[in-house]
Amino acid sequence: MEGTKPVNKKLAVALSGGAVLALALTGCGGSDDNEKLNSWAKDVCDGVQPQAKKIEAANAAIQKETSDNSTPAEVQKTDAKAFQDMSDAYKAMGATVQKAGAPDVEDGEKKQKDAVTELNGLSTSYASLRKQVEDLDTKDQSKFADGLKDIATELNKLSKSGSDALKTLEEGEVGQAMAKQESCKAASVTPSATTG
């Protein structure tokens, strides 16, 4: 199945960029004594960590599929499941941030709202990628490869555009509070957080 391998590689590279988004919700460095904010950060980090792991696992499944000599049908099945898992994970992250409420910082409400909108948007995008991959013709090798190429392009766009509101949410005090949470530390230490 050599025909799909180079394209599959592209997909894996694009995906590893996407995995970084999952980890944008993990702050770094600093200290702060805002009790309310620390409690908020704990809620968010505890809710986000399992989802970040889920996205990482989906990412790994696609990476593995690209290194095996898989048939288009196998690639299709693995990719569709991975995209669905990612879609579910981003939706759950959005729900976590929504449920946590606005962080106790300036413009906290706007930052929270933007992040939720962004996470839900990512969830929708991955759901549509799942549909795209399911609609590919696995019987025609070159058509399948072309379809994967389009999906890789979409993924690239997603990984570049997806995390602005999340970055904004965790600027300053919020990021400092999140950095102190064990669950956020655990979620941020990941080998897949490298852009290809």
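Residues numbered from 1 in each chain as written. Predicted model: local features only at pLDDT ≥ 70, side-chain atom pairs only at ≥ 80, totals over all residues. Heavy atoms only, no water.

Colleague: Would you take a moment to explain the overall build of the chain for this structure?
Modeller: If you tally the helices and strands in the chain, you get 8 helices and 0 strands. Order of helices (α) and strands (β) in the chain, N terminus to C terminus: α-α-α-α-α-α-α-α. Counting every position in the chain, which comprises 196 residues, the buried fraction comes to 50%. Counting contacts in the chain only where the partners sit at least 6 residues apart, residues at least 24 apart contribute 86% of the total. (Helix = DSSP H or I, 4+ residues; strand = E, 2+ residues; numbered from the N terminus. Buried < 20%, exposed > 50% of the residue type's maximum accessible area, 1.4 Å probe, protein only. Contact = heavy atoms within 4.5 Å.)

Colleague: I'm lost on the packing of aromatic side chains in this one. Help?
Modeller: The geometry of an aromatic ring pair is captured by the separation of the ring centres together with the interplanar angle, meaning the angle of the planes. For the coordinates displayed, the defined rule picks out 2 aromatic pairs. When the ring of Y90 is compared with that of Y126, the centres are 5.5 Å apart and the planes differ by 10°; the resulting orientation is stacked. Here Y90, found in helix 3 (residues 72–100), pairs with Y126, found in helix 4 (residues 108–134); they are 36 residues apart in sequence, far enough to count as distant. An aromatic cluster is present here, built from F83, Y90 and Y126 joined pairwise through their rings. (Phe/Tyr/Trp six-rings, centres within 6.5 Å; stacked < 30°, edge-to-face > 60°.)

Colleague: I would appreciate a short explanation of the state of the cysteines in the present structure.
Modeller: What we call a disulfide is simply a covalent bond connecting the sulfur atoms of a pair of cysteines. Enumeration according to the criterion identifies 1 disulfide in this entry. Paired by a disulfide, C45 and C184 hold their sulfur atoms 1.9 Å apart. Looking down the S-S bond of the C45 and C184 bridge, the torsion is -85°, so its handedness is left-handed. Of the two residues, C45 is situated in helix 2 (residues 35–67) and C184 in helix 8 (residues 182–188); the sequence distance between them amounts to 139 residues. Residue classification places C184 among the buried positions, given a relative accessible area of 3%. (Disulfide = S-S within 2.5 Å.)

Colleague: What am I meant to see in the environment of A89 here?
Modeller: Tracing the chain through its elements places A89 in helix 3. Given a relative accessible area of 0%, A89 falls into the buried group. For the pair A89 and V48, spaced 41 residues apart in the sequence, the C-alpha separation amounts to 8.6 Å. If we skip the residues at most four places from it in the chain, A89 touches Q51, K54 and I55.

Colleague: Looking at this model, I keep getting lost on the nonpolar core. Mind explaining?
Modeller: One broad rule of soluble globular proteins: the nonpolar side chains tend to lie buried together. The biggest cluster of nonpolar side chains holds 40 residues, and the ones touching the most others in it are W40, F83, Y126 and M178. Those elements giving two or more residues to this core turn out to be helix 2, helix 3, helix 4, helix 5 (141–161), helix 6 (164–169) and helix 7 (172–179). (Core = buried A, V, L, I, M, F, W, Y, C linked by side-chain atoms within 4.5 Å.)

Colleague: Quick question: what am I supposed to make of the side chain of K111 here?
Modeller: Its place among the elements puts K111 in helix 4. If we ignore the near neighbours within four places in the chain, the residues touching K111 are E106, T168, L169 and E171.

Colleague: Explain the packing of helix 3 against helix 4 to me, please; I cannot follow it from the model alone.
Modeller: Packing of helix 3 against helix 4 leaves a shortest axis separation of 8 Å and a crossing angle of 165°. Classified by the angle their axes make, helix 3 and helix 4 are roughly antiparallel. Judged by the twist between their axes, the crossing of helix 3 over helix 4 is left-handed. A breakdown of the residues in the contact of helix 3 with helix 4 according to their chemical character gives 14 nonpolar, 8 polar and 4 charged. (Axes fitted to C-alpha atoms, helices over the stretch in contact; angles between N-to-C directions. Parallel < 35°, antiparallel > 145°, perpendicular 65-115°, else oblique. Left-handed = near helix turned anticlockwise from the far one by under 90°. Nonpolar A, V, L, I, M, F, W, Y, C, P; charged D, E, K, R; others polar.)

Colleague: Can you help me understand the pattern of salt bridges in this one?
Modeller: If the charged atoms of two oppositely charged side chains come close together, the side chains can form a pair. Here the structure, examined in full by the defined rule, presents 7 salt bridges. One salt bridge in this structure joins K110 and D114, with 2.6 Å as the shortest N-O distance. Residue K110 and its partner D114 are both found in helix 4; the two are separated by 4 residues, about one turn of the helix. Put simply, D135 and K131 hold a salt bridge, and the shortest N to O gap is 2.9 Å. (Salt bridge = Lys/Arg side-chain N within 4 Å of Asp/Glu carboxyl O.)

Colleague: Can you help me understand the environment of W40 in this one?
Modeller: Here W40 lies in helix 2. Taking the C-alpha atoms as reference points, W40 and D104, separated by 64 residues in sequence, lie 8.1 Å from one another. With residues up to four places along the chain from it excluded, the contact list for W40 reads A100, G101, A102, P103, L169, V174 and M178.

Colleague: For this particular structure, what's the right way to read the confidence of the model for the chain?
Modeller: Low pLDDT means the predicted coordinates in that region are not meant to be read closely. On average, residues of the chain carry a pLDDT of 81, and 75% of them reach 70 or more. Every residue in residues 27–32 scores below 50 in pLDDT, and together they form 18 contacts with partners more than four places removed in sequence or on other chains. When the criterion is pLDDT under 50, residues 189–196 qualifies, and its contacts beyond four places in sequence or with other chains add up to 17 contacts. (pLDDT = per-residue confidence, 0-100.)

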